[in-house]
Amino acid sequence: MSRIDMEDMLDRYLKGEASPGEVEQVDAWLDQHHAAGSPWQRMDKITRDRWLASLFRDIEAEAGLDNTRVLRMHPGRIWLLSLASVAAVIFIVFTVFLQKPSVKTTSSTANFAVINIPAGQKKQVLLADGSKIEVNSLSVLKYPLKFDAKTREVYLSGEAYFDIQHDASKPFIIHTGKVVTTVLGTAFNIKEDKKEHTIVVTVTRGKVSVANGNQPLGVITPNQQISFNEISLQHSQKNVDAEKAIAWLESNLHFNNVTFADAANQLQQRFKVNISFANDKVKNCRFTGTAIKAEKLDEILNIICMFNNATYKTRPDGSIVIDGPGCN
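Since the structure is predicted, the reported quantities are computational estimates derived from the model, not experimental observations. (Residues numbered from 1 in each chain as written. Predicted model: local features only at pLDDT ≥ 70, side-chain atom pairs only at ≥ 80, totals over all residues. Heavy atoms only, no water.)

(A) Structural view of the nonpolar core. F162, F172 and F188 are the most contacted members of the largest nonpolar core, which has 30 residues in total. Among the elements that take part in this core, strand β10 (residues 198–205) stands out by supplying three residues, more than any other. In this structure F172 touches L127, D129, S131, F147, R152, V154, F162, I164, T181, T182 and V183, once residues within four positions along its chain are discounted. Ranked by size, the runner-up nonpolar core spans 21 residues in total, among them V258, I275, F277 and F287. (Core = buried A, V, L, I, M, F, W, Y, C linked by side-chain atoms within 4.5 Å. Buried < 20%, exposed > 50% of the residue type's maximum accessible area, 1.4 Å probe, protein only. Helix = DSSP H or I, 4+ residues; strand = E, 2+ residues; numbered from the N terminus. Contact = heavy atoms within 4.5 Å.)

(B) Region of the structure containing the environment of N111. In this fold, N111 is placed in the loop between α4 (81–99) and β1 (112–116). As a C-alpha pair, N111 and G21 span 90 residues in sequence and 5.8 Å in three-dimensional space. Beyond its immediate sequence surroundings of up to four residues, N111 is in contact with Y143, P144 and L145.

(C) Focus on helix α7 (residues 297–307). Buried within α7 we find L297, I300, L301, I304 and C305. Down the axis, α7 shows its buried residues gathered within 125° of arc, on one side only. In α7, the exposed positions angled more than 90 degrees off the buried face are occupied by M306 and F307. Directly after α7, the chain includes N309, whose backbone phi takes a positive value near 50°. (Arc of directions from axis to C-beta.)

(D) A look at the sheet that holds strand β16 (residues 275–277). Overall, mixed pairing links the three strands, which are arranged β16-β19-β18 in an open sheet. Every interior strand has two partners, whereas the edge strands, β16 and β18 (311–314), have only one. Averaged over all pairs of adjacent strands, the angle between strand axes in this sheet comes to 25°, irrespective of strand direction. Bridge count between β18 and strand β19 (residues 320–323): four bridges; the pairing is antiparallel. In the strand pairing of β19, T311 is matched with D323. On the sheet, helix α6 (residues 260–271) packs against β16 and β19 and is oriented at approximately 160° with respect to β16. Sheet contacts for α7: β18 and β19; angle to β18, the most-contacted strand, approximately 155°. (Pairing = 2+ DSSP bridges. Axes fitted to C-alpha atoms, helices over the stretch in contact; angles between N-to-C directions.)

(E) Representation of the sheet that holds strand β6 (residues 159–163) in the model. Across the sheet, which stays open at both edges, the seven strands sit in the order β2-β3-β6-β9-β10-β13-β14 with antiparallel pairing between neighbours. This sheet does not close on itself; its edge strands, each paired only once, are β2 (123–126) and β14 (235–239). This sheet shows a mean twist of 15° between the axes of neighbouring strands, independent of strand direction.

Structure, rendered in structure tokens:
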């Protein structure tokens, strides 16, 4: 592949216009050289530029390259310096990658589909093996159009509920950050919280094996949950009510004698917003009711606060604070 072809492909990749095959090619290489704890897909622009600059220096030292870089400028189009720098580094990276036999390559030729779920929406995905995945708001799912390998592997960023068809000859594997979840056929929920750097796996049916890369974290069965922190590398396993973990699947929100704190957790999952309490006593207030799918967050909060003699306000960053005298 020439430099021109590489720059054109990178341009499409950065704009989100690359084909599934091109996305897989670029992602596969970047995954081999990501900064510890900072996968390429999670980096912001500044972090990407810094990391690529650091990677370029490493490659220069390793491959004996000099400091001269020639950047092609497309006629009639001005390229941002950062984009040109990225293109140059990626080109050099791919060249070294192809020349070094010790670097592992990706041999799979399967075409992948990538689904990005907008805020406030959900989508069901039917895989080639008959498995179903419910993908939550603001989540990304990458999966092969056909399962040709010995395993069935998909990639998740965000939250999704999996109902996997049993196939003893082809384990189903989900990659979520550092966490690898392996099953044969079962139903479970995976939730990645990027702010808290946690990944939580909850089982509703069957048995699931969870690992941090190659390091096993545990095996869980229905109404059990494993939580893993990608920063501290600590994990915990406990018994839970799995129905609460998949409450986001419901079109309507049902509050059946729940505390305000429990209701706030459901609202956070549904609307992807941070909700806190200025007075902890408000968390203890209990109520029963149903929020219809079409209702907006403000409408729901107005009613709940009215029932519990509370108020709320929205901060400039979009987070919500609830206050009031509280309940005993």
